[in-house]
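Here is what each chain is made of, one letter per residue.
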Amino acid sequence: MKLKHCLAAAAIGLSFSAAAAEENLRITIDATNPGPTIDRDIYGQFAEHLGRGIYEGIWVGKDSDIENINGFRTDVVEALRKINVPLVRWPGGCFADEYRWRDGVGPRDQRPVRVNTHWGGVEEDNAFGTHEFFELVELLGARAYVNGNLGTGNPREMAEWLEYITGTSNSAVVEERRKNGRDKPWSVAYFGVGNEAWGCGGHMRPEYYADLYNHFATFLKTPRGSEPKFVASGGHTTDTSWTDTLSKNIQRQMDGISFHFYTLPTGEWDDKGAAIGFGEDQWFSTLWQTMRMDEFIRLNKKVLDKNDPEKKIGFYVDEWGTWYNPEEGREPGFLYQQNTLRDAVVAAVNFNIFHQHADRVHMTNIAQMVNVLQAMILTDKEKMVLTPTYHVYDLYQVFQDASALPLEISNPVSYRKGGKSLPGVSASAAKGKDGKLYLSLVNLDPSKAQTVSVDVNGLEVTEATGRLLTSSRMDAHNTFSSPKNVGPANYHAAESAGELQLQLPAKSVMVVALGQ
Ligand code: AHR
């Protein structure tokens, strides 16, 4: 049996035959037929004013005892630079729809204090604002995604923020930026017009939001050539009404429609499941939940293909990741959670899904970068630790701006539990910007290793070299005292008897370059 694209294996897993089990899973990559570019912005990050995501996690201020570059933690900046973060979304999230951008510019000691009503009810002193955000993205070598306030702001405020960021004239707004220490305009790659309009952004109907989008976007102007991609706030899960209504009714510039989906082990917001100490039932249910991303993208793409056959509108998953119960003893509104090998597998499976839909999915942001939800990095005052999710972003860097390659899986394996079935192995292949052929493999099964045979049409391939992330425990994680529990190991395999076989351990993520 052959499968086009591994993720279609979910359904086929059910017809998996005992005879096929005797043969290895075999992956055949077609190197002669490159598909769409995997936009590097698929590897974007999200940093909201939430818990210790920005304050302490990124920004400590110049006078801090924690080593910093002009107020930004040196350890965090250096770690993020290593994974080539392409894009950072800021300031929210729900926070964005209450944010007054002028609070966050000008002398820090004169910035007003507000209450962050969404996240913990804590005081927000606005020490991190527009100038700090753009300095951060410059330090990271990333690009900026600014999310405007549609929920409680007005079109003038939003328009003036964009003018403040990008303007080159002598207008009062641009002069204000100059007075605040920045002469040159910044470049903004994406600009979001509101967030979760169906929820914290105002509990709107899509029709009402579409009208508001047209209204606000009319006034969003930049100098010629500095236009960001404008993002409309879209839907969630299987509800495609947002994608449908927005793609039919938005008349102003709209480059993409956003979509949010969080992976909850139980699928229930009241009791989501724990970040660590879970059993195989929640390992499975988490992966089963996260695999729904594929269905959601397919459903929305179907609507877009009908309303926008020329593919002008992108589908941006600008919030995704795991969301667990708050840790005992921590402020629940801070959304701090541990991050395990399970999170690494979740991230890799989602990347493989995004690659497969690279024709529409041009940008995504994991929630969130530091100390919040499925983070790359956790900090505790001066201490810092890299999570298993960070290591997956590191492994997958080679896919940034690569050309997706079609692949087929023969003899697929399935991973079953409680009457449900998942593909046992998820895979993705691409031709990297460096011209090399890359393959990623994820073994979803926590107890069964796989031997994977690899063929490439159109290229002689005799060896695989790369890195592998695994552990003996499903909830293996890194702590401040044991920061290297989960980390990548080098991997190499060479052809033997005319066959290239990769040994994929149970619960693992592998990325290899295939060559001679
Ligand atoms: O990422 C946390 C929150 O989740 C965001 O603020 C919001 O957009 C979503 O509901």
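Residues numbered from 1 in each chain as written. Predicted model: local features only at pLDDT ≥ 70, side-chain atom pairs only at ≥ 80, totals over all residues. Heavy atoms only, no water.

Per an unreviewed UniProt entry, the protein chain is named non-reducing end alpha-L-arabinofuranosidase, and its organism is Microbulbifer harenosus. UniProt, in its Subunit (unreviewed entry) section for the protein chain, records the words "Homohexamer; trimer of dimers." (UniProt positions renumbered as here; feature names shortened; annotations may be inferred.)

Caption draft 1: Molecular detail of the overall build of the protein chain. Along the backbone of the protein chain there are 12 helices and 28 strands. Relative to the compact-globule value of 24 Å for 516 residues, the protein chain shows a C-alpha radius of gyration of 23 Å, a close match. Dimensions of the protein chain, computed from the C-alpha atoms along their principal axes, are close to 75 × 55 × 45 Å. Of all 516 residues assigned to the protein chain, the portion counted as buried reaches 59%. Considering only contacts in the protein chain between residues 6 or more positions apart, those separated by 24 or more positions represent 76%. For the protein chain, the computed accessible surface area is about 19,900 Å², with 47% contributed by carbon and sulfur atoms. (Helix = DSSP H or I, 4+ residues; strand = E, 2+ residues; numbered from the N terminus. Rg over C-alpha atoms; globule rule 2.2 N^0.38 Å. Buried < 20%, exposed > 50% of the residue type's maximum accessible area, 1.4 Å probe, protein only. Contact = heavy atoms within 4.5 Å. Areas by Shrake-Rupley, 256 points an atom, 1.4 Å probe, with all protein chains shown as cover.)

Caption draft 2: Seen up close, helix H9 (residues 280–290). All buried positions along H9 are accounted for by Gln-282, Trp-283, Phe-284, Thr-286, Leu-287, Gln-289 and Thr-290. Buried residues along H9 sit against strand E13 (256–263), helix H10 (292–307), helix H11 (341–356), strand E20 (414–417) and strand E21 (420–423).

Caption draft 3: The sheet that holds strand E12 (residues 229–232), seen in detail. Strand order in the closed barrel formed by eight strands is E4-E7-E10-E11-E12-E13-E14-E15, with parallel pairing between adjacent strands. Pairs of neighbouring strands in the sheet enclose a mean axial angle of 25°, with direction left out of account. In the sheet, strand E7 (residues 87–90) pairs with strand E10 (residues 143–148) via four bridges, with the strands oriented parallel. Following the sheet pairing, Trp-90 is matched in E10 by Val-146. Against the sheet, helix H7 (residues 206–218) makes contact with strand E11 (190–193) and E12, and its axis sits at roughly 155° relative to E12, the strand it touches most. (Pairing = 2+ DSSP bridges. Axes fitted to C-alpha atoms, helices over the stretch in contact; angles between N-to-C directions.)

Caption draft 4: Region of the structure containing the site of the ligand. Around the ligand sit 13 residues in total, of which Glu-48, Cys-94, Glu-196, Tyr-262 and Glu-319 are the nearest. Between an oxygen atom of the ligand and a main-chain N or O atom of Cys-94, the distance comes to 2.9 Å. Contact between the ligand and Gln-368: an oxygen atom at 3.0 Å from a side-chain N or O atom of the residue. The fraction of the free accessible surface of the ligand (280 Å²) that becomes covered by protein chains is 94%. Here the shell around the ligand is built from residues that sort into six nonpolar, four polar and three charged. (Near = heavy atom within 4 Å. Polar contact = N/O pair within 3.5 Å; in protein donor to acceptor, adjacent residues only side chain to side chain. Nonpolar A, V, L, I, M, F, W, Y, C, P; charged D, E, K, R; others polar.)

Caption draft 5: Fine view of the pairing of strand E15 (residues 364–367). Along E15, one buried face is formed by Thr-364 and Ile-366 and the opposite face, lined by Asn-365 and Ala-367, is buried too. In terms of strand pairing, strand E4 (residues 44–46) meets E15 through three bridges, oriented parallel. Within E15, the position partnered with Gln-45 by the bridge is Ile-366. Where strand E14 (residues 314–322) meets E15, two bridges bridge the pair, whose relative direction is parallel. Residue pairing for E15: Trp-320 is matched across the bridge by Ile-366. At this point the chain moves from E14, through H11, to the parallel E15, and the crossover so formed is right-handed. (Right-handed = clockwise from strand over helix to strand, strands pointing away.)

Caption draft 6: Main features of the packing of aromatic side chains. Under the definition given, this model contains 33 aromatic pairs. Ring plane angle 50° and centroid distance 4.9 Å describe the contact between Trp-101 and Tyr-164, whose orientation is recorded as tilted. One end of the pair, Trp-101, is in the loop between E7 and strand E8 (114–116); the other, Tyr-164, is in helix H5 (residues 155–166), with 63 residues separating them in the sequence. The residues Trp-101 and Tyr-164 share a single accessibility class, namely buried. Summarising the aromatic geometry, the rings of Tyr-190 and Tyr-316 are spaced 5.5 Å apart at their centres and angled 90° between planes, so their arrangement reads as edge-to-face. (Phe/Tyr/Trp six-rings, centres within 6.5 Å; stacked < 30°, edge-to-face > 60°.)

Caption draft 7: Region of interest: the confidence of the model for the protein chain. Of all residues in the protein chain, 96% attain a pLDDT of 70 or more, and the chain-wide mean is 95. In this model residues 1–21 is a low-confidence stretch, pLDDT under 50, and it forms 48 contacts with partners more than four residues away in sequence or in other chains. (pLDDT = per-residue confidence, 0-100.)

Caption draft 8: Structural detail: the UniProt feature "domain: Alpha-L-arabinofuranosidase C-terminal" (unreviewed entry) in the protein chain. In the numbering used here, UniProt assigns the feature "domain: Alpha-L-arabinofuranosidase C-terminal" (unreviewed entry) to residues 318–508. Secondary structure content for residues 318–508 is 13% helix and 39% strand, and the end C-alpha separation is 26 Å.

Caption draft 9: Seen up close, the nonpolar core. One finds Tyr-209 and Tyr-396 to be the most contacted residues of the largest nonpolar core, which totals 123 residues. Ranked by the residues each element gives to this core, the list is headed by H11, at 10 residues. Formed jointly, this core draws a minimum of three residues from each of two domains, domain 1 (7–36 + 404–515) and domain 2 (40–400). Listed in part, the 27 residues of the second largest apolar core include Ile-27, Leu-405, Leu-437 and Tyr-491. (Core = buried A, V, L, I, M, F, W, Y, C linked by side-chain atoms within 4.5 Å. Domains from an automatic or database assignment.)

Caption draft 10: How the structure looks around the domain arrangement of the protein chain. By domain assignment, the protein chain separates into domain 1 (7–36 + 404–515) and domain 2 (40–400). Taking only C-alpha atoms into account, the centre of domain 1 sits 30 Å from that of domain 2. In this complex, domain 1 contributes 42 residues to the contact, which on the side of domain 2 involves 44 residues. Interface of domain 1 and domain 2: buried area, both sides summed, is about 3,600 Å²; carbon and sulfur atoms make up 73% of it. Note that Asp-394 and Arg-467 form a salt bridge whose closest N and O atoms lie 3.2 Å from each other. At the junction of domain 1 with domain 2, the criterion picks out 12 residue pairs in polar contact (both at pLDDT 80 or more). Those elements giving two or more residues to the side of domain 1 that touches domain 2 turn out to be E20, E21, strand E22 (425–431), strand E23 (437–443), strand E25 (463–470) and strand E28 (508–515). No other element matches E22, which puts five residues into the side of domain 1 that touches domain 2. Class assignment of the residues belonging to the side of domain 1 that touches domain 2 gives a composition of 23 nonpolar, 11 polar and eight charged. (Buried area = accessible area lost by both parts, 1.4 Å probe. Salt bridge = Lys/Arg side-chain N within 4 Å of Asp/Glu carboxyl O.)

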